[in-house]
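Below, each chain spelled out in residue letters.
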Amino acid sequence: QAKVAGKNCFRFYSRAMDQAVERRVHLEHELRGAWDRGELSLAYQPVFRLVDGAMIGAEALLRWKHPELGVVAPSVFIDVAEQSGLIEVLGPQVLRQACADAVRWQESRKGEEPLFLAVNVSPRQLRNGDLPDVVEASLRETGLPADLLHLELTETAVIGDERHASSLLSQLRGMGVKVWLDDFGTGFSGLSHLRRVPVDGVKIDRSFVADVLRDPDDLALTTAIIAMAHSLGILVVAEGVEKEGQYAILRERGCDFAQGYWLGHPVTADEFMAVAC
Ligand code: C2E
Ligand code: MG
Ligand code: MG
Ligand code: MG
């Protein structure tokens, strides 16, 4: 009896797995031509400076709207792109488009403080090794000043091969590009990494920010990250600020920049132009 049930169980799970695999293969196939079909676009979320509340830059976030599947979440399709290697094609396209958009912002903001552009870079793009060339080409072709480009890397991209990562990051910083560690605090080993990996800033993960008002431990950790980063000469961005109280406490604790729904949602390139320029 148990054997039969086991067999059925196996069949059930294996069918579920087949379906998951099938869905991924389908997504990968559809994603392959998505950029050329115009289904992919960039949204921009503003970043603010806490001391004076000024908008100082924006993060580019990739969006996918498929004609039949509808909107596919970045957490899903970025993973597919990363696993399949497609990110090595998409990443440079995103970077180039974002740099071109950022040049348009600067042109219509003449006289005002320039806005930086933050672009997410996946672990695979970093491991690939040609990132400095790709970045150099995007800057040259679009004319965006290097110091206005901020690359966001996750801790996981850096962990593992720190020597390789460090040398790539040094090369990028040598060009004038800024490097930020994204989702900081979730990787646990963050503190020791900051000594060995050259970065300009850290983005405190929104899971910490979410609870700074309710959980004294999260507030203590956030405060400690800010103090530690500043003592190393590193800037701090808080992500996922959804409430005025979170903004106020981060400002009080000396956090440099903030981003989140309370301050501004990600919007289309045109909408961002209308707000920022
Ligand atoms: P991330 O780089 O940490 O980006 C921040 C994510 O938090 C974005 O999700 C953004 O929409 C969301 N967010 C911003 N403010 C708030 C808030 O106040 N509350 C909450 N709950 N969420 C907020 P999104 O756009 O879904 O992107 C998810 C992740 O996908 C990004 O996390 C990033 O790791 C990745 N991603 C997005 N675009 C790209 C890209 O062009 N290239 C690469 N490699 N990864 C990307
Ligand atoms: Mg990011
Ligand atoms: Mg993040
Ligand atoms: Mg995240």
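This one's a predicted model, so the numbers in the text were calculated from it and none came from an experiment. Numbers given for residues are sequential positions, taken from 1 along each chain in its written order. Lettering for chains starts from A, numbering for ligands starts from 1, and both go in the order in which the items are written. Reporting of local features is limited, given that this is a predicted model, to residues whose pLDDT is at least 70; pairs of side-chain atoms are given and counted only at 80 or more, and all residues count toward the totals for whole chains, interfaces and linings. To get the side-chain values, all heavy atoms of the structure are used, and hydrogens and water are removed first.

Undergrad: Can you break down the overall build of the protein chain residue by residue, with the values?
TA: Each helix corresponds to a stretch of at least 4 residues labelled H or I by DSSP, and each strand to a stretch of at least 2 residues labelled E; elements are numbered beginning at the N terminus. Helix and strand counts for the protein chain come out as 12 helices and 10 strands. Radius of gyration: C-alpha atoms only; globule rule: 2.2 Å multiplied by the number of residues to the exponent 0.38. Compactness check: the protein chain gives a C-alpha radius of gyration of 20 Å against a globular reference of 19 Å for 277 residues, within 12% of the reference. By principal-axis analysis of the C-alpha atoms, the protein chain measures approximately 75 × 45 × 40 Å. Relative accessibility thresholds used throughout: buried, under 20% of the residue-type maximum; exposed, over 50%; partly exposed, between the two (1.4 Å probe, protein chains only). When the 277 residues of the protein chain are sorted by exposure, 47% land in the buried category. Two residues qualify as a contact provided that any one of their heavy atoms is within 4.5 Å of a heavy atom in the partner residue. Intrachain contacts of the protein chain at a sequence separation of at least 6 include 68% that bridge at least 24 residues. Positive: Lys, Arg. Negative: Asp, Glu. His and the chain ends are not part of the count. The atoms used to mark charge sites are NZ of Lys, CZ of Arg, CG of Asp and CD of Glu. The protein chain carries 29 positive and 40 negative side-chain charges, and their two centres are separated by 5 Å.

Undergrad: Which residues make up the environment of Trp64, and what are the values?
TA: Of note, Trp64 is situated in strand S2 (residues 55–66). Considering only alpha carbons, one finds Trp64 and Leu31, 33 residues apart in sequence, at a separation of 8.6 Å. Whenever two N or O atoms come within 3.5 Å, that pair is a polar contact, provided that in protein one can donate a hydrogen and the other can accept it, and provided that, for residues adjacent in sequence, both atoms are side-chain atoms. Within polar-contact distance, the side chain of Trp64 engages the side chain of Glu39 at 2.9 Å.

Undergrad: Which residues make up the environment of Ser14, and what values do they have?
TA: Along the chain, Ser14 turns up in helix H1 (residues 2–32). A residue is classified by how much of its surface remains accessible, and Ser14, at 24% relative accessible area, is partly exposed.

Undergrad: Describe the layout of surface pockets, with residues and values.
TA: The probe, sized like a water molecule, is rolled over the atoms to show the empty space still left. Definitions used throughout: a 1 Å grid over protein atoms alone; a cavity as a set of points that fits a 1.4 Å probe which cannot get out; a pocket as an open set with protein on both sides within 12 Å along at least five of seven lines; a lining residue as one with an atom within 4 Å of a point. Grid points are joined across faces, edges and corners, and a volume is the space filled by probe spheres set on the points. In this structure, the largest pocket spans a volume of roughly 1,200 Å³. Glu59, Leu61, Pro74, Asn120 and Asp182 are, among the 37 residues lining the largest pocket, the residues nearest its centre. Those elements that provide at least two residues to the lining of the largest pocket are strand S1 (40–49), S2, helix H2 (74–84), helix H3 (87–108), strand S4 (116–121), helix H4 (123–128), strand S5 (149–154) and strand S6 (178–184). Amino acid classes used here: Ala, Val, Leu, Ile, Met, Phe, Trp, Tyr, Cys and Pro are nonpolar; Asp, Glu, Lys and Arg are charged; the rest, including Gly, are polar. Looking at the lining of the largest pocket residue by residue, the classes come out as 14 nonpolar, 11 polar and 12 charged.

Undergrad: Give me the pairing of S6: which residues, what numbers.
TA: For S6, the buried fraction is high: 5 of the 7 residues fall into the buried class. One requirement defines pairing of two strands: DSSP has to find at least two bridges between them. The pairing of S5 with S6 spans 5 bridges and is classified as parallel. When the sheet's bridge partners are listed, Leu153 is paired in S6 with Leu181. Bridging between S6 and strand S7 (residues 201–204) involves 3 bridges; their strand directions are parallel. If you follow Leu181 over to S7, its bridge partner there is Val202.

Undergrad: Outline the coordination of the magnesium ion (ligand 2), listing residues and values.
TA: Note on metal sites: the ideal angle is 109.5 degrees for four tetrahedral donors, and 90 or 180 degrees for six octahedral donors. For Na, K and Ca the donor cut-off is 3.2 Å; for every other metal, N, O and S atoms count as donors within 2.8 Å. Water does not enter the count, which can leave sites looking incomplete. At the metal site, the magnesium ion (ligand 2) is ligated by Glu59 (OE), Asn120 (OD1), Glu152 (OE) and Asp182 (OD), and these contacts range over 2.0 to 2.2 Å. The sequence motif formed by the donor residues of the magnesium ion (ligand 2) is E-x60-N-x31-E-x29-D. In this structure, the magnesium ion (ligand 2) lies 4.1 Å away from the magnesium ion (ligand 3), the two metals sharing Asp182 as a donor. Pair noted here: Glu152 is in strand S5 and Asp182 is in strand S6, with a separation of 30 residues, a long-range link.

Undergrad: I'd like to hear about the nonpolar core, residue by residue, with values.
TA: One recurring pattern in soluble globular proteins is that nonpolar side chains are buried together. Counting residues in each nonpolar core, the largest one holds 76 residues, and the members touching the most others are Leu31, Tyr44, Leu117, Leu149 and Leu151. Tallying contributions element by element places H3 first for this core, with 9 residues. One finds Ile56, Phe116, Trp180 and Phe257 within the second-largest nonpolar core, a separate group that totals 7 residues. Among buried residues, those of type Ala, Val, Leu, Ile, Met, Phe, Trp, Tyr and Cys that are joined through side-chain atoms within 4.5 Å constitute a nonpolar core.

Undergrad: Explain the environment of Glu30 to me, and be specific about the residues and the numbers.
TA: Overall, Glu30 belongs to the buried group, its relative accessible area being 16%. In sequence terms Glu30 and Val94 are 64 residues apart; their C-alpha atoms lie 17 Å from each other.

Undergrad: Tell me about helix H12 (residues 269–276), and name the residues and values.
TA: Restricting attention to buried positions, one finds in H12 the residues Ala269, Phe272, Met273 and Ala276. All buried residues of H12 project into a common sector of 105° when viewed along the axis, lining one side. The exposed residues of H12 that point more than 90 degrees off its buried face are Asp270, Ala274 and Val275. For H12, the elements touching its buried residues are S1, S2, H3 and strand S10 (267–268). It is the directions from the helix axis to the C-beta atoms whose arc is reported.

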